[in-house]
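This is what each chain is made of:
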Amino acid sequence: MVSIIAGEKGKGKTKILLEKANEAVSKANGSVIYLDKSSKHMYELNNKIRLINVSEFPIMSADGFIGFISGLISSDHDIEAIFLDSFLKLAVLEGADITSAIDRIETLGEKYGITFVISVSADASNLPENAKKNVTVAL
């Protein structure tokens, strides 16, 4: 399952994402992972959530990012949820079409029973059709 929090930069998406992550870990039996572009939010997350600073890894393309997520999944079979803050930046998709990346993440979620919660710095109305159906919060 993919859930998208959409809104222009500075609208409060990260705050909602942090709240959802902390709520998810309180109910989770498995692992919860939070991917971000820095470690800035480390102290706002429950200490049971694994925070990964993606900028520490040499991800140069959307394919590389999907490979990174696949590696996380293959190394931990207990992942229940993955939270992606600043998705366009993490996935190297700023200014690009996100259709394929959303489809691939959706496929991974279905195959491995993982919920993905993604924050996207874009107005919900500007997202491709496959992403619009997943928007749960539009700011």
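Preceding this section is the structure that the text describes.
I will try to describe carefully the structure that is included in this document. Because the structure is a prediction, the values reported are computed rather than measured.

Time to look at the pattern of salt bridges. For the structure shown, the criterion picks out four salt bridges. E23 serves as the salt-bridge partner of K27, at 3.3 Å between the closest nitrogen and oxygen. Of the two residues, K27 and E23 are both situated in helix α1 (residues 13-27); the distance of four residues between them amounts to about one turn of the helix. Using a relative accessible area of 62% as the deciding quantity, one classes K27 as exposed. Linking E106 and K133 is a salt bridge whose minimum nitrogen-to-oxygen distance equals 2.8 Å. With a gap of 27 residues between them, E106 in helix α4 (residues 99-112) and K133 in the loop between α5 (129-132) and β6 (135-138) connect regions that are remote in the sequence.

Let's shift gears to the side chain of N130. Tracing the chain through its elements places N130 in helix α5. Given a relative accessible area of 13%, N130 falls into the buried group. Engagement of the side chain of N130 in a polar contact is seen with the backbone oxygen of T99, the distance being 2.9 Å. Among the polar contacts listed, one links the side chain of N130 to the side chain of D103, at a separation of 2.7 Å. Those residues in contact with N130 that sit more than four places away from it in its chain are T99, I102 and D103.

On to the packing of aromatic side chains. Summed over all chains, the structure comprises two aromatic pairs. Residues F65 and F87 carry aromatic rings whose centres are separated by 6.2 Å and whose planes lie at 70° to one another, so their mutual orientation is edge-to-face. Highlighted residues: F65 in helix α2 (residues 62-75) and F87 in helix α3 (residues 87-90), separated in sequence by 22 residues. Like F65, the residue F87 is buried in the burial classification.

In this section: the nonpolar core. Generally speaking, a soluble globular protein has its nonpolar side chains buried in company with each other. Counting residues in hydrophobic clusters, the biggest one holds 36 residues, and the most contacted among them are L35, F65, I69, I82, L84, F87 and F116. Residue assignment for this core shows that the elements contributing at least two residues are β1 (2-6), β2 (31-36), α2, β4 (79-84), α3, α4 and β5 (115-120). Among the elements that make up this core, the one with the highest residue count is α2 (seven residues). Setting aside chain neighbours within four positions, we find F116 in contact with M1, V2, S3, I69, I73, I82, L84, I105, L108 and G109. L18, A21, V25 and A28 belong to the second-largest nonpolar core, a separate cluster that totals 14 residues.

Scoring rules and cut-offs
- Residues numbered from 1 in each chain as written.
- Predicted model: local features only at pLDDT ≥ 70, side-chain atom pairs only at ≥ 80, totals over all residues.
- Heavy atoms only, no water.
- Salt bridge = Lys/Arg side-chain N within 4 Å of Asp/Glu carboxyl O.
- Helix = DSSP H or I, 4+ residues; strand = E, 2+ residues; numbered from the N terminus.
- Buried < 20%, exposed > 50% of the residue type's maximum accessible area, 1.4 Å probe, protein only.
- Polar contact = N/O pair within 3.5 Å; in protein donor to acceptor, adjacent residues only side chain to side chain.
- Contact = heavy atoms within 4.5 Å.
- Phe/Tyr/Trp six-rings, centres within 6.5 Å; stacked < 30°, edge-to-face > 60°.
- Core = buried A, V, L, I, M, F, W, Y, C linked by side-chain atoms within 4.5 Å.

By themselves, these are just geometric observations and shouldn't be taken as functional.
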